[in-house]
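Chain residues, written in single-letter form:
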Amino acid sequence: MKKNGLAAMMGAVHLIAVLSVLTFGTIYLTLGILALPALTSAFEIGREVIYRRFSVYGSLTKSFIGGVRKHIDMMRFFPLQLIVILQAAGIYAANRTGMTVLTYPLTAGAAFVLTLMIYAAGYRVFCPDRADAVTIAVAMFYKPMYMLAVWVLMILAEVLAGVKLMAAMLIIGAIFLLAAEAVVFLGLTSYKKVRGALTEDDKSSLGEQLLERL
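Residues numbered from 1 in each chain as written. Predicted model: local features only at pLDDT ≥ 70, side-chain atom pairs only at ≥ 80, totals over all residues. Heavy atoms only, no water.

Enquirer: Help me get a handle on the pattern of salt bridges, residues and values and all.
Expert: Following the criterion strictly, the structure yields 7 salt bridges and no others. Where glutamate 44 meets lysine 70, a salt bridge forms, and the shortest distance between an N and an O atom there is 2.8 Å. Taken together, the residues span a long stretch of sequence, with glutamate 44 in helix H2 (residues 35–50) and lysine 70 in helix H3 (residues 60–70) at a distance of 26 residues. For the salt bridge of arginine 124 with aspartate 73, the shortest nitrogen-to-oxygen distance reads 2.9 Å. Placement of the pair is arginine 124 in helix H5 (residues 103–126) and aspartate 73 in the loop between H3 and helix H4 (78–96), with a sequence separation of 51 residues. Taken together, the salt bridges that share partners define one network made up of Glu44, Arg47, Glu48, Arg53 and Lys70. (Salt bridge = Lys/Arg side-chain N within 4 Å of Asp/Glu carboxyl O. Helix = DSSP H or I, 4+ residues; strand = E, 2+ residues; numbered from the N terminus.)

Okay, structure coming up:
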């Protein structure tokens, strides 16, 4: 038992450290251009954790790079990133001009778009059909409590944004990514349940009792 517990702990540390560097390193080095393919690739690895299929003996780097290539078509949601950039510019301008009251709706709006991007990555990983932004938004709002949890996390990320946070994300950022993915998974599973689209992986990972509560 102790041996297995130690192996699990070391595996978790390895997963968090390597996935953090790979995901946020890719985002930083590409100036955010490959943010969505990188997030989707990280979520695909996280899916294996949720479905209890993750193996510490596999190559995380190889899996991640393969995932980025596989999900490069997520760039179709790049306009969402442009909206976030414009809102960030608006927040900066509002602070510089003393119109700080405008920073609140801009921050909330940017966090909402980031939440939609997180759900887009989750939808690609957990749902089989190719969806547009409207379909993803419908799935996102089906269970508002899960969406609000991710939205609050995105607001915190914006408020705490800075060089120190960027450095921290390279080390432990995968913790927050996997936490957000778990919440998105619950929300999307509820959406799939009402559509009758649950898979055996969904059922086995959550169990019948939890599924009934979703």
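Now that the structure has been shown, we can carry on.
Enquirer: Describe the nonpolar core, and please don't skip the residues or the numbers.
Expert: Ranked by internal contacts, the top residues of the largest apolar core, which has 54 residues, are Leu19, Phe64, Ile118, Tyr119, Tyr123, Ile136 and Leu188. Elements with a contribution of two residues or more to this core: helix H1 (2–29), H2, H3, H4, H5, helix H6 (133–142), helix H7 (144–159) and helix H8 (163–195). For this core, the leading source of residues is H5, giving 11 residues. (Core = buried A, V, L, I, M, F, W, Y, C linked by side-chain atoms within 4.5 Å. Buried < 20%, exposed > 50% of the residue type's maximum accessible area, 1.4 Å probe, protein only.)

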